[in-house]
Amino acid sequence: DGTAMPVKEAPAVFPQGDRIIFCSSWDLWQSDYIAATGRWGQPQRLGATVNTLANEWHPFVTYDGQKLYFTRSDLKMGNFGSPDIYSCVWDAAAGRWGPARHVTAPLSFHQTCSVSLPLDESRIYFGGYKEGGYGALDEWSAPRVTGAAAADPARGEDGGVDRPASLTGTTPHA
């Protein structure tokens, strides 16, 4: 309807160009393009499966539009402390995003953000602070694993997680 919202960063654009997800007021929102009017629809705050008491930002949508990656800072929730990457899968039956899962748990970075994946989703690329990098915020990549291979029973996770394979496969990029 043309209502302006303060946007914190560039939106994640769906492959068909008909939906965007963006950060405003430290929550993630989505808006659908309405072809009949040639305008973007009223933004809708993503539900509680994505937005929490913490801050959510840096959205990225995979090329099939079925997975959402984003950064969450759990400082207010007392969980991991610094910003980390989370992902969730679109639940078509429910018409919403499924529960968010912590993606970067095994990497032990001081701070991670701005995730992206290539078309084949074989690696995960992200910004982060860690010893062994080039200094300050570096871009890193790691092989991506899913299913039971990525599960961490100590964290109560089943095979539904999606994360970088391990710290040993993590590479800083100049």
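Residues numbered from 1 in each chain as written. Predicted model: local features only at pLDDT ≥ 70, side-chain atom pairs only at ≥ 80, totals over all residues. Heavy atoms only, no water.

Ile 21, Leu 28, Leu 46, Val 50, Leu 68, Phe 70 and Trp 97 are the most contacted members of the largest nonpolar core, which totals 14 residues. Of all the elements in the fold, those that place two or more residues in this core are strand 2 (19-24), strand 6 (55-61), strand 7 (67-73) and strand 8 (84-91). In contact with Leu 46, other than residues within four places in its own chain, are Ile 21, Leu 28, Trp 29, Gln 30, Asn 51, Leu 68 and Trp 97. Judged by nonpolar contacts, the second largest core, of 10 residues, contains Ile 85, Leu 117, Ile 124 and Phe 126. (Core = buried A, V, L, I, M, F, W, Y, C linked by side-chain atoms within 4.5 Å. Buried < 20%, exposed > 50% of the residue type's maximum accessible area, 1.4 Å probe, protein only. Helix = DSSP H or I, 4+ residues; strand = E, 2+ residues; numbered from the N terminus. Contact = heavy atoms within 4.5 Å.)

Turning next to the confidence of the model for the protein chain. Any residue range with low pLDDT should be treated as having predicted coordinates unsuitable for detailed reading. Considering every residue of the protein chain, the mean pLDDT works out to 77; 68% of them sit at 70 or more. Predicted confidence is poor over residues 151-161, with pLDDT under 50, and the contacts of this stretch with residues over four places away or in other chains come to 21 contacts. (pLDDT = per-residue confidence, 0-100.)

This brings us to the side chain of Arg 19. The topology assignment puts Arg 19 in strand 2. Polar contacts involving the side chain of Arg 19 include one to the side chain of Asp 32, which spans 2.5 Å. Discounting residues that sit within four places of it in the chain, Arg 19 has contacts with Ala 12, Val 13, Phe 14, Gln 30, Ser 31, Asp 32, Trp 40 and Trp 90. (Polar contact = N/O pair within 3.5 Å; in protein donor to acceptor, adjacent residues only side chain to side chain.)

One pass over the structure, following the stated rule, counts four salt bridges. For the salt bridge of Lys 67 with Glu 121, the shortest nitrogen-to-oxygen distance reads 2.8 Å. Of this pair, Lys 67 sits in strand 7 while Glu 121 sits in the loop between strand 11 (111-116) and strand 12 (123-129), placing them 54 residues apart in sequence. Taken as a pair, Lys 67 and Glu 121 share a single burial class, namely buried. (Salt bridge = Lys/Arg side-chain N within 4 Å of Asp/Glu carboxyl O.)

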